[in-house]
Amino acid sequence: MLTQLQVLGQKGVRIIESIGRATVLLLNSILWGGPGSAGFKDLVKQIYSVGVQSLVIIIVAGFFVGMVLGLQGYSILVDFGSETALGIMVSLTLLRELGPVVTALLFAGRAGSSLTAEIGLMKATEQLAAMEMMGVDPLKRVITPRLWAGIISMPILAILFSLVGIWGGAFVAIDLVGIDEGAYWGNMQGAVEFYNDVVKGIIKSIVFGVVVTWIAVYQGYSAIPTSEGIGKATTQTVVISSLAVLGLDFVLTAMMLGGL
Amino acid sequence: MSDRQSYITIENLSFYRGERAVFKDLSVSFPRGKVTAIVGPSGTGKTTLLKLIGGQLTPESGTIIVDGNDLQQLSRTAMLELRRESMGMLFQSGALFTDLNVFENVAFPVRTHTDLPESLIRHLVLMKLEAVGLRGTRDLMPAELSGGMARRIALARSIVMDPDLVMYDEPFTGLDPVSLGMIVKLIKSLNEALGLTSLLVTHDIEESCSIADYLCVLSGGKVLAFGEPQELLNSENAEVRQFLRGEPDGPMPFHYPAADYRQDLLQGVD
């Protein structure tokens, strides 16, 4: 009993310790500047690698999710004779929820895991240590541009996801099931509010961008520098950030809808 | 040895890896402007000692003074500053940046820390690459280099800022005889021409005796002997003599500490 309690306590202490370390890492790397700090070029390079290279998966996934929403929404709404509201349903679902959340989950799998593996391998091959020995702070040089690239890319990807999803929904609604084009777009235009739907969705995706990228760079930076350690860190990035996104989504939604 | 003569002074240093003491009350100083080779059996903490001097590891107790700076008193920024101004280190693996080509790897510290014009950077980098005999590889990526070549590039990178102290971690491993001869000569001439203080962790006794001004024999977390190579080769201490001459029989332990061999075998499976 006592040993079980001990193990539990130990795990608790370890979790709090890593939250503390991750916070210190975030505070030390969120601002630009300092010895050997990364430049604008590094940021662009990282936005290319985490953002631009995630475009294919985001666009393809967005289109399919939009099409599925169109089909499912139609089959529900048609029973009530309100299939002309399909445009509203697809757009609100995507802008408020699925855009930010699915983008963040895909981003964690596509970009988060590769950030962790890249930083972990740089650590294992002593590249980070070599940087330190040259008087360059690896936090500023390696972590800062990656962190910001994630924070900048996520909302843009989420907007693109929603945009393509709405097109996917329109394709199903107008071309496949034959809903009137004017009704699909017109009802959507009438129902979607810029602040309440679009801006709140963007705020969500910015928060997800910070959290997912933060978890990814922390896992890479604190990985045990062996092949097993890096593998484990990569898995943890995907698991922890997915759970964090889903949990935070509930909290943010509750706050934004005023339910809490 | 007075402070003016010694570049690095270590006093009562203790460092633990988990429960195991790597160093306990280690005191040693390394003279300024000389090549000191740190030798000793595997696992005795030679690389760890370099990392402690470079400030990458923090000791449990004791002081490390590098060029008058007490490392424990320095802030993170001041430590980076000290490394930038006066330290260079060659890592065992080379530690080249895999996303940059050879030229950019060597140019990295210069580009990061100075605002020199491109033409001057080019000269500097090509001079260092010429010194290690790899000017022709400037456009290759690290993945296209052999281990020995990568280490020579890393050597060029560690000296490109002309540091006061260069720490070489196993610089001779994996080099062909011609490169080995050239690198030995290079380390010696750098030391003579620029007055560098060089620390050399190596297993190559013969090569290190040929260039080192001093040998420091580490064993079991202690300095077993410190002195000029010739003096140590004829040392009274049987352990030192055995190690430097590579004799299989003698007092120096070959085995990692373990339970009695016979008992271990007889015990069977747990």
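Now for a description of the structure that goes with this document. The model shown is predicted, which means the values in this text are computed figures rather than measured ones. Residue indices follow the written sequence of each chain, beginning from 1 at its first position. Here chains are named by letter from A upward and ligands by number from 1 upward, in the order in which they appear as written. Note on the predicted model: pLDDT of at least 70 is required for a residue's local features to be given, and 80 or more for side-chain atom pairs to be given and counted; whole-chain, interface and lining totals, by contrast, use all residues.

### A few points about the overall build of chain A
Moving on, step 1. What counts as a helix is a DSSP run of H or I of at least four residues, what counts as a strand is a run of E of at least two, and both are numbered from the N terminus. Of regular secondary structure, chain A possesses nine helices and zero strands.
Moving on, step 2. Starting at the N terminus, the α and β elements of chain A follow one another as α-α-α-α-α-α-α-α-α.
Moving on, step 3. Seen through its principal axes, chain A has C-alpha atoms that stretch 65 × 55 × 35 Å.
Moving on, step 4. Three exposure classes are used, based on other C-beta atoms lying within 10 Å of a residue's own C-beta, which is placed from the backbone: buried for 20 or more, exposed for 12 or fewer, and partly exposed in between. Of all 260 residues assigned to chain A, the portion counted as buried reaches 44%.

### Some points on the overall build of chain B
Moving on, step 1. Of regular secondary structure, chain B possesses ten helices and ten strands.
Moving on, step 2. The globule rule used for comparison is 2.2 Å times the number of residues to the exponent 0.38, while the radius of gyration itself is calculated over C-alpha atoms. A compact globule built from 270 residues should have a C-alpha radius of gyration of about 18 Å, and chain B, at 20 Å, falls within 12% of that.
Moving on, step 3. Projecting the C-alpha coordinates of chain B onto the three principal axes gives extents of approximately 65 × 45 × 40 Å.
Moving on, step 4. Within the span of chain B, comprising 270 residues, buried residues form 37% of the whole.
Moving on, step 5. Within chain B, contacts between residues at least 6 apart in sequence are counted, and of these 63% link residues at least 24 apart. A pair of residues counts as a contact when their C-beta atoms, built from backbone coordinates, are separated by no more than 7 Å.

### A short note on the nonpolar core
Moving on, step 1. Membership of the largest hydrophobic core comes to 128 residues, with the highest contact counts inside it found for V212(A), V217(A), I38(B), I153(B) and V217(B).
Moving on, step 2. A per-element tally of this core places helix α6 (residues 138-176) of chain A first, with 16 residues.
Moving on, step 3. Once residues lying within four places of it in the same chain are set aside, the contact partners of V217(B) are V39(B), G40(B), L224(B), A225(B), L232(B), V240(B) and F243(B). A set of buried Ala, Val, Leu, Ile, Met, Phe, Trp, Tyr and Cys residues, joined through C-beta atoms within 7 Å, is what we mean by a nonpolar core.

### Concerning the packing of helix α4 (residues 86-124) of chain A against helix α7 (residues 181-191) of chain A
All names here are of chain A.
Moving on, step 1. Angles run from 0 to 180 degrees between N-to-C directions of axes, and those axes are lines fitted to C-alpha atoms, restricted for helices to the stretch in contact. Across the interface, α4 lies against α7 with an axial gap of 7 Å and an inter-helix angle of 50 degrees. When the axes of α4 and α7 are compared, the pair comes out oblique. As α4 packs across α7, the resulting crossing turns out to be right-handed. Residues L86, G87, I88 and S91 of α4 form the contact with α7, whose own contacting residues are Y184, W185, N187, M188 and A191.
Moving on, step 2. Looking at the contact of α4 with α7 residue by residue, the classes come out as six nonpolar, three polar and no charged. Orientation is classified from the angle alone, with under 35 degrees giving roughly parallel, over 145 giving roughly antiparallel, 65 to 115 giving roughly perpendicular, and any other angle giving oblique. By the definition used in this description, the sense in which the near helix is turned from the far one sets the handedness, with an anticlockwise turn below a right angle giving left-handed and a clockwise turn giving right-handed. Gly is placed with the polar residues, together with every amino acid not listed as nonpolar (Ala, Val, Leu, Ile, Met, Phe, Trp, Tyr, Cys and Pro) or charged (Asp, Glu, Lys and Arg).

### Focus: the interface of chain A and chain B
Moving on, step 1. The interface of chain A with chain B comprises 13 residues on the first partner and 16 residues on the second.
Moving on, step 2. When its residues are assigned to classes, the side of chain A that touches chain B shows six nonpolar, four polar and three charged.

### Brief notes about the sheet that holds strand β2 (residues 20-31) of chain B
All names here are of chain B.
Moving on, step 1. By the convention used here, strands pair only if DSSP detects at least 2 bridges between them. Ordered by their spatial adjacency, four strands build an open sheet running β2-β1-β4-β5, and the pairing between neighbours is antiparallel. Both outer strands of the open sheet, β2 and β5 (69-70), are each paired with one neighbouring strand and no more.
Moving on, step 2. Two elements, strand β1 (residues 6-17) and β2, share eight bridges in a ladder whose sense is antiparallel. Among the inter-strand pairings, I8 is bridged to a residue of β2, identified as F30.

### Focus: α6(A)
All names here are of chain A.
Moving on, step 1. The end-to-end C-alpha separation of α6 is 53 Å, in line with the 57 Å expected for 39 residues at 1.5 Å each.
Moving on, step 2. Here α6 lies mainly inside the structure; 29 of its 39 residues are buried.
Moving on, step 3. A positive backbone phi angle near 80 degrees is found at G178, which sits one or two residues after α6. Expected span of a helix: the number of residues minus one, times 1.5 Å.

### Topic: the pairing of strand β7 (residues 165-169) of chain B
Within a regular strand, side chains alternate between the sheet's two faces.
Residues and elements named next belong to chain B.
Moving on, step 1. Burial of β7 is extensive: five of the five residues sit out of reach of the surface.
Moving on, step 2. Here β7 shows a buried face lined by L165, M167 and D169 and a second buried face lined by V166 and Y168.
Moving on, step 3. As paired strands, strand β6 (residues 87-90) and β7 are joined by four bridges and run parallel to one another. Along β7, the bridge assignment pairs G88 with V166.
Moving on, step 4. Pairing analysis gives five bridges linking β7 to strand β8 (residues 197-201), with the strands arranged parallel. Bridge pairing in β8 links L165 to T197.

### As for the environment of T48(B)
Residues and elements named next belong to chain B.
Moving on, step 1. With respect to the helices and strands, T48 occurs in helix α1 (residues 46-53).
Moving on, step 2. Taking the C-alpha atoms as reference, T48 lies 19 Å from R151; in sequence the two are 103 residues apart.
Moving on, step 3. Setting aside anything within four residues of it in sequence, one finds T48 in contact with F15, V22 and L57.

### Some thoughts on the sheet that holds strand β10 (residues 222-227) of chain B
Residue and element names in this part refer to chain B.
Moving on, step 1. Across the sheet, which stays open at both edges, the six strands sit in the order β6-β7-β8-β3-β9-β10 with mixed pairing between neighbours. With one partner strand each, in any of the chains shown, β6 and β10 form the two edges of the open sheet. The sheet shows a mean angle of 15 degrees between the axes of neighbouring strands, direction not considered.
Moving on, step 2. Across five bridges, the pairing between strand β9 (residues 214-219) and β10 is antiparallel.

### Considering the pairing of β9(B)
Moving on, step 1. Pairing of strand β3 (residues 35-39) of chain B with β9(B) involves four bridges; the strand directions are parallel. Each residue of the ladder has a partner; that of V39(B), found in β9(B), is V217(B).

### Here's the deal with unusual backbone geometry
Residue and element names in this part refer to chain B.
Moving on, step 1. Although it is not a glycine, N12 adopts a positive phi angle of roughly 45 degrees.
Moving on, step 2. On the secondary structure map, N12 appears in strand β1.
Moving on, step 3. In this structure, E170 takes a positive phi of about 50 degrees despite not being glycine.
Moving on, step 4. For E170, the location among the structural elements is in the loop between β7 and α6 (177-194).

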